[in-house]
Amino acid sequence: MTTATPPRTVTAAVLDAAERHVWLSGRLLERVRFAALFRGGDRDRVVTALAAYRNLDGGFGEALEPDFRGPVSQPLTVESALAVLAEVDALDHPLARDALDYLAGITTAEGGLPKALPDVADYPHAPWWGLDPDPQTPSILTTGLLAGLCLRHGVDHPWVATATRYCWDAAAALTDATPSSEPLAAVSLGYEARAALTFLDGVDDRPRAERLGAALRDTLERCGALTLQVNPAEESIGPLDLAPRPDSVAQAWFDDDVIAAHLDGLVDGQQPDGGWTVGWPAWTPVTEYEWRPIATIEALTTLRAYGRFAA
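What this report covers is the structure whose coordinates are included nearby. (Residues numbered from 1 in each chain as written. Predicted model: local features only at pLDDT ≥ 70, side-chain atom pairs only at ≥ 80, totals over all residues. Heavy atoms only, no water.)

**A closer look at the environment of W276**
So, point 1. Residue position: W276 is located in the loop between α11 (256-268) and α12 (285-305).
So, point 2. Through-space distance from the C-alpha of W276 to that of A196 is 25 Å; in sequence the pair is 80 residues apart.
So, point 3. Non-local contacts of W276, meaning those with residues more than four positions away in its chain, are made with V14, A18, L266, V267, G269, Q270, R292, A295, T296, A299, L300 and L303. (Helix = DSSP H or I, 4+ residues; strand = E, 2+ residues; numbered from the N terminus. Contact = heavy atoms within 4.5 Å.)

**Focus on the nonpolar core**
So, point 1. Residues F60, L82, L85, L103, W159 and L200 are the most contacted members of the largest nonpolar core, which totals 83 residues.
So, point 2. At nine residues, helix α7 (residues 158-174) tops the list of elements feeding residues into this core.
So, point 3. When neighbours within four sequence positions are excluded, L103 is seen to be in contact with V78, L113, L146 and W159.
So, point 4. Listed in part, the 10 residues of the second largest apolar core include A116, V120, W129 and L141. (Core = buried A, V, L, I, M, F, W, Y, C linked by side-chain atoms within 4.5 Å. Buried < 20%, exposed > 50% of the residue type's maximum accessible area, 1.4 Å probe, protein only.)

**Topic: the pattern of salt bridges**
It is possible for side chains of opposite charge to pair when their charged atoms get near one another.
So, point 1. Following the criterion strictly, the structure yields 16 salt bridges and no others.
So, point 2. The partner of R69 in a salt bridge is E290, with the nearest N and O atoms 2.8 Å apart. Within this pair, whereas R69 is found in the loop between α3 (43-51) and α4 (75-87), its partner E290 is found in helix α12, the two being separated by 221 residues in sequence.
So, point 3. Across the pair D218 and R217 runs a salt bridge whose closest N-O atoms are separated by 3.5 Å. (Salt bridge = Lys/Arg side-chain N within 4 Å of Asp/Glu carboxyl O.)

**Quick look at the packing of aromatic side chains**
So, point 1. Evaluation of the coordinates by the stated rule reveals seven aromatic pairs.
So, point 2. Ring plane angle 55° and centroid distance 5.0 Å describe the contact between F34 and F38, whose orientation is recorded as tilted. Of the two residues, F34 and F38 both sit in helix α2 (residues 28-38), four residues apart, roughly one turn of that helix.
So, point 3. Look at F34 and you get buried, because its relative accessible area is 2%.
So, point 4. Pairing W280 with W291 gives two aromatic rings, centres 5.1 Å apart and planes at 90°, and the pair type is edge-to-face. With W280 in the loop between α11 and α12 and W291 in helix α12, this residue pair connects regions lying 11 residues apart in the sequence.
So, point 5. We classify W280 as partly exposed; its relative accessible area is 25%. (Phe/Tyr/Trp six-rings, centres within 6.5 Å; stacked < 30°, edge-to-face > 60°.)

**Details of the state of the cysteines**
So, point 1. One pass over the structure, following the stated rule, counts zero disulfides.
So, point 2. Of all cysteine sulfurs in the structure, the one in C167 sits closest to C223, which takes part in no disulfide; the separation is 20 Å.
So, point 3. Its relative accessible area of 12% is what places C223 among the buried residues. (Disulfide = S-S within 2.5 Å.)

**A look at the environment of V32**
So, point 1. As for its position among the elements, V32 is in helix α2.
So, point 2. Sequence separation between V32 and L228 is 196 residues, and the spatial gap between their C-alpha atoms is 34 Å.
So, point 3. Setting aside residues no more than four positions away along its own chain, V32 makes contact with R45, V46 and A49.

**What about the packing of helix α1 (residues 12-25) against α2?**
So, point 1. For the pair α1 and α2, interaxial distance at closest approach is 9 Å and the crossing angle is 155°. Accordingly, the angle class assigned to the pair α1 and α2 is roughly antiparallel. Between α1 and α2 lies a crossing of left-handed hand. When α1 is examined against α2, the residues L15, A18, E19, V22 and W23 are found in contact with a partner set consisting of E30, R31, F34 and F38.
So, point 2. Residue classes in the contact of α1 with α2 are distributed as six nonpolar, no polar and three charged. (Axes fitted to C-alpha atoms, helices over the stretch in contact; angles between N-to-C directions. Parallel < 35°, antiparallel > 145°, perpendicular 65-115°, else oblique. Left-handed = near helix turned anticlockwise from the far one by under 90°. Nonpolar A, V, L, I, M, F, W, Y, C, P; charged D, E, K, R; others polar.)

The following block contains the structure:
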């Protein structure tokens with residue numbers, strides 16, 4: 001009789017090693033985030049640390065999102081900030097209100113946010129942070145992530161309704177994508193779909209969200225933008241990227257054994273130094289050190305959401 005292998009879990013030793021990694025490599029923000037999320041630490045310290053990245057325009061800069069090194073505000077940097085506020089239940093803080101006011105001021109005529117603002121070119125940034133030919137082109141990548149986060153947490157701000165209208169149309173437009181010979185096209189589509197799914201995870205119209213989610217699944221499969229390989233060597237989008245929580249729209253796309261295998265792989269992805277890695281290259285050395293504690297917190301958050309913390 002064959003005995004089933006028990007699922008991998010986050011034991012006390014795993015958590016201790018992850019904490020040591022954050023102590024050794026993390027910025028102050030990640031240190032206090034880890035303490036608040038996994039050690040019962042003071043959540044007000046997270047807000048205080050985050051405030052150091054705030055700009056006078058209400059947005060955020062100063063390499064809060066490690067791949068853009070400039071001091072100026074950018075949409076994706078605001079997403080990083082609001083995600084931190086969300087994880088400590090602080091989206092009612094004035095920092096969030098001011099950030100949403102800032103987003104309203106940079107929203108395009110179509111109701112979406114650009115991928116990046118023109119001044120991104122003035123500072124060091126990752127190659128994938130490049131501008132669209134028309135910097136006023138709205139992007140589901142930025143708008144979907146931010147609108148979905150706000151919708152999921154019940155944020156009441158006029159910008160959310162504006163962005164929601166844009167995201168329904170932009171997410172539907174992704175389903176028209178076709179396979180491309182460009183090497184990074186599938187990865188780019190995967191990231192856009194992840195942002196669209198973040199939006200769909202937050203909306204109230206669940207039947208519409210599930211229908212559009214199913215169409216996105218078909219598109220990703222048709223375009224080769226989804227991998228089921230556990231811990232692939234190349235940058236890719238997998239099940240846990242699209243379904244970081246059991247209540248995600250995309251969770252239903254995968255059999256339970258597929259999700260279980262990827263959760264086991266995520267536990268096994270902890271490195272000897274206690275941290276997790278990211279799936280994209282470090283374009284300048286400091287970004288690897290800054291991203292890995294962030295990736296460590298995200299890995300542990302996903303594992304806890306799926307009940308993989310040992311009792």
